[in-house]
Amino acid sequence: MIAGLVVTTGCAAFAASAALAQTKTSQMAGMKLSNDQPIQIESDALEIREQEKKAFFTGNVKVVQGTTTLQAGAMTVLYRGEGTTVTQGNADIEKIDVTDKVFLQSETQQATADKGYFDMSKQVFVLEGDKVVLSEGQNVFVGCKLTVHMETGQAKLDSCGRRVQIQLDPKSQKQ
């Protein structure tokens, strides 16, 4: 599922390429999926529609796997495959949509957005909103759309007509 999403920015490299830019690309090397750890999901309600291959988690959704936590107001899981079900744990997940104040935390990093999705077949996740914030310690990156290719760690922060904003703490750079 969201399995071990670890965002590692390499802030100095990101800053060098992103300063004063409207749309920037960088490496986020730790962004991977991990199928070797259990997933814990909590929500106020769960509705499973087996015929549609959808599971709807609503109200205070919290997903934890390893050191990664995802929180949102709602999460929809779309899966595929004959004979697969979410309840048996054998579902081939195609896409996960999250909405209503998305919060993603992994070890030292955090990201917030209005909504997002994980496209499992393309190994891409996107966070979108009026203000998407990615932070690691005192280093903060602000845009409106963060796209991460999980296999390569390639990340792009878009400004959506405004400007990407970056705040860097010089003490965070490795000596």
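Residues numbered from 1 in each chain as written. Predicted model: local features only at pLDDT ≥ 70, side-chain atom pairs only at ≥ 80, totals over all residues. Heavy atoms only, no water.

## What to know about the pattern of salt bridges
Pairing between side chains of opposite charge can happen when the charged atoms of each approach one another. Put simply, the rule reads: Whenever a carboxyl oxygen of Asp or Glu lies within 4 Å of a side-chain nitrogen of Lys or Arg, that contact is scored as a salt bridge. Relative accessibility under 20% of the residue-type maximum defines a buried residue, over 50% an exposed one, and the middle range a partly exposed one, all with a 1.4 Å probe and only protein chains included. Helix and strand assignments come from DSSP, with helices taken as H or I runs of at least 4 residues and strands as E runs of at least 2, each series counted from the N terminus.
One pass over the full model with this rule turns up 7 salt bridges. For Arg 49, the salt bridge is made with Glu 52, and the minimal N-O distance between the two is 3.6 Å. Residue classification places Arg 49 among the partly exposed residues on the basis of a relative accessible area of 32%. Under the relative-accessibility criterion, Glu 52 is labelled partly exposed at 41%. Between Arg 162 and Asp 130 there is a salt bridge; the shortest N-O distance is 3.2 Å. Linking Arg 162 in the loop between strand S10 (154–158) and strand S11 (165–167) with Asp 130 in strand S8 (residues 124–136), this pair joins segments that are 32 residues apart in sequence. We classify Asp 130 as exposed; its relative accessible area is 56%. Taken together, the shared-partner salt bridges connect Glu 47, Arg 49 and Glu 52 into one network.

## Notes on the state of the cysteines
The test is simple: In what follows, a disulfide is any cysteine sulfur pair within 2.5 Å.
Counted according to the given criterion, the structure contains 1 disulfide. Through a disulfide, Cys 144 is tied to Cys 160; the S-S separation comes to 1.7 Å. Since a negative S-S torsion denotes a left-handed disulfide, the Cys 144-Cys 160 link at about 80 degrees is right-handed. One end of the pair, Cys 144, is in strand S9 (residues 139–149); the other, Cys 160, is in the loop between S10 and S11, with 16 residues separating them in the sequence. By relative accessible area, Cys 144 is classed as buried at 4%.

## Quick look at the pairing of S9
We count it as follows: At least two bridges found by DSSP between two strands is the condition for calling them paired.
Along S9, 8 of the 11 residues are buried, which leaves the element largely enclosed by surrounding structure. In terms of strand pairing, S8 meets S9 through 10 bridges, oriented antiparallel. Within S9, the position partnered with Phe 125 by the bridge is Val 148. Alignment of S9 against S10, held across 5 bridges, turns out to be antiparallel. Bridging from a neighbouring strand, His 149 pairs with Gln 154 of S10.

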